Amino acid sequence: MKSTDPVQEPILYVNGAFVPRSDAKISVFDHVILYGDGVYDTMCAWNHAIFKLDEHIDRLYESAHAVKLNIPVSKEELKAIVIETVRRNHLANAYVKVVATRGVGAQPLMSPYDCKPGLIIFAVPYVSLVSGGHEETGIKMIVSSLRRIPNECISTKIKSCNYLNHILMRLEANEAGADDAIELDLEGYVCEAPGYNVFIVKNGEIYTPSDNILVGITRQTVLELAAMLQLPAKEARIQPFDLYNADEVFLSSTAGGIFAVVELDGRRIGEGRPGAITTRIRERYVSLLEGRTHSRLVE
Ligand code: PLP
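Residue indices follow the written sequence of each chain, beginning from 1 at its first position. The predicted nature of this model means local features are confined to residues of pLDDT at least 70 and side-chain atom pairs, given and counted, to a pLDDT of 80 or more, with totals for whole chains, interfaces and linings taken over all residues. The side-chain numbers reported here are obtained from all heavy atoms of the structure, hydrogens and water having been left aside.

K.L.:
Help me understand the side chain of Thr208 in this model?
P.N.:
Position of Thr208 relative to the elements: it lies in strand β11 (residues 205–208). From its side chain, Thr208 meets the backbone oxygen of Val198 in a polar contact 2.6 Å long. In this view, Thr208 contacts Val198, Phe199, Arg219, Leu223, Lys234, Glu235, Ala236 and Ile238; residues no more than four positions away in its chain are not counted. Helix and strand assignments follow DSSP, with helices taken as H or I runs no shorter than four residues and strands as E runs no shorter than two, numbered in order from the N terminus. Nitrogen and oxygen atoms within 3.5 Å of one another constitute a polar contact, given that in protein one can donate a hydrogen and the other can accept it, and given that sequence-neighbouring residues count only through two side-chain atoms. Whether two residues are in contact is decided by their heavy atoms: any pair within 4.5 Å suffices.

Written out as structure tokens, the structure is:
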């Protein structure tokens, strides 16, 4: 997927006002900066329509509720602001981020009380986590030596502004010459990847981890597409062994869509190129985005 939208100075929504990027500022004392204390969601606009806007906004409010952060506008108001942000940027295809911050406290200490929550929204031309043609050819990964912070520490369903755990795993993968990292939980089972959910295909069936993951909206879409295509799909506990020996491995994410993993820890996966089921799901996903049946129009 490529964005062909015009380049201009982006317009952002920051704490109640639309401002050009050069004027978009928040306090250095906002807890999101001091402590990563905030939640966010990322969605994409495709063909002048925002894909699964309701689902993304619901997930954002659930994350906020879980960390007891009151988003300062209602869900319907927020949807309207998100649509208006995309509209003001004249983007057909956009990468859109909504960040709800804890805000500034009475003192720069860790107390979550007395803070006035903030809201930041930006829409830029669509950017993918996968670049350099790898969307078509597939990516190479390693299994990270680190472990994903598990549910026992913080619910992995919360899309929080603290992504250091994921970033360190991506850093490790990139330093090792791989495109990204497979994340394991404390028991050694595959959970996800920094910004994507993971799927394997074995003997015509699709499997995906259920525990210690962010419940991806694209993951849910893949499960819906699998049902539509009458491909059996199940949640399962998956080990690196299962990935090495899968017929196909693919990832799902708002920022990138569906794409194949063709190598893991130096082992070729399947035929070493995107497999038939990955390709079918990917094509259906792109049609869904372009068809706008699950999207909210921006015009
Ligand atoms: N897992 C993590 C940790 C993520 O941050 C994301 C998205 O940003 C995903 C999975 C994929 O979720 P979605 O399909 O909703 O983009």
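K.L.:
I would appreciate a short explanation of the confidence of the model for the chain in the present structure.
P.N.:
Low pLDDT means the predicted coordinates in that region are not meant to be read closely. Confidence of the predictor at the level of single residues is given by pLDDT, which spans 0 to 100. For the chain, mean pLDDT is 95; residues scoring 70 or higher make up 98% of the total. Contacts for the low-pLDDT stretch residues 1–5, under 50 throughout, to residues beyond four places or in other chains number 16 contacts.

K.L.:
What is the right way to read the environment of Ala255 from this model?
P.N.:
Take Ala255: it is sitting in the loop between β13 (248–253) and β14 (257–264). Owing to a relative accessible area of 8%, Ala255 belongs among the buried residues under this scheme. Remark: the alpha-carbon pair of Ala255 and Ala49, spanning 206 residues in sequence, is separated by 15 Å. Here Ala255 is in contact with Tyr95, Tyr126, Val127, Ser128 and Leu129, once residues within four sequence places are set aside. For every residue, the accessible area obtained with a 1.4 Å probe (protein chains only) is divided by the maximum for its type, and the residue is called buried under 20%, exposed over 50%, and partly exposed between those limits.

K.L.:
Would you mind going over the site of the ligand with me for this structure?
P.N.:
Proximity is defined per residue: if any heavy atom of the residue lies within 4 Å of a molecule or strand, that residue is considered near it. Taken together, 14 residues surround the ligand, and among them Lys159, Tyr163, Glu192, Thr218 and Thr254 come closest. Between Lys159 and the ligand, the recorded distance is 2.7 Å, taken from a side-chain N or O atom to an oxygen atom. Within the contact set of the ligand, an oxygen atom lies 2.5 Å away from a side-chain nitrogen or oxygen of Tyr163. Surface exposure here means Shrake-Rupley accessible area, sampled with a 1.4 Å probe, where a residue is shielded only by the protein chains that are shown. Expressed as a share of its isolated accessible area of 390 Å², the protein-covered part of the ligand is 96%. For the shell around the ligand, the secondary structure elements donating two or more residues are β10 (196–202) and α6 (217–228). Along the lines of polarity and charge, the residues of the shell around the ligand split into four nonpolar, seven polar and three charged. Three residue categories are used. Nonpolar comprises Ala, Val, Leu, Ile, Met, Phe, Trp, Tyr, Cys and Pro, charged comprises Asp, Glu, Lys and Arg, and polar comprises the others, including Gly.

K.L.:
Help me understand a nonpolar patch on the surface in this model?
P.N.:
Nonpolar side chains collect at one region of the surface, where Val28, Phe29, Ile33, Leu34 and Val104 lie side by side and expose about 430 Å² of accessible area between them. Checked against the element boundaries, Ile33 lands in helix α1 (residues 31–35). What makes a patch is a set of residues exposed beyond 30% relative accessible area and free of salt bridges, joined within 9 Å when like-charged and within 5 Å when nonpolar (Val, Leu, Ile, Met, Phe, Trp, Tyr). Throughout this description, the term salt bridge denotes a Lys or Arg side-chain nitrogen within 4 Å of a carboxyl oxygen of Asp or Glu.

K.L.:
Help me out: how do you make sense of the nonpolar core in this one?
P.N.:
Taken as a class, soluble globular proteins show a tendency for nonpolar side chains to be buried jointly. Among the buried residues, those of types Ala, Val, Leu, Ile, Met, Phe, Trp, Tyr and Cys that are joined through side-chain atoms within 4.5 Å form a nonpolar core. Core analysis: the biggest nonpolar cluster contains 28 residues, and Ile50, Ile71, Leu78 and Val82 have the highest contact counts within it. When contributions to this core are tallied by element, the ones reaching two or more residues are β3 (38–45), α2 (53–66), α3 (75–88), β5 (94–104) and β6 (116–125). Residues contacting Ile50, with those up to four places away along its chain left out, are Met43, Cys44, Ala45, Val82, Ile83, Val86, His294, Ser295, Arg296 and Val298. Counting 21 residues, the second largest nonpolar core, distinct from the first, contains Met141, Leu184, Ile200 and Tyr244.

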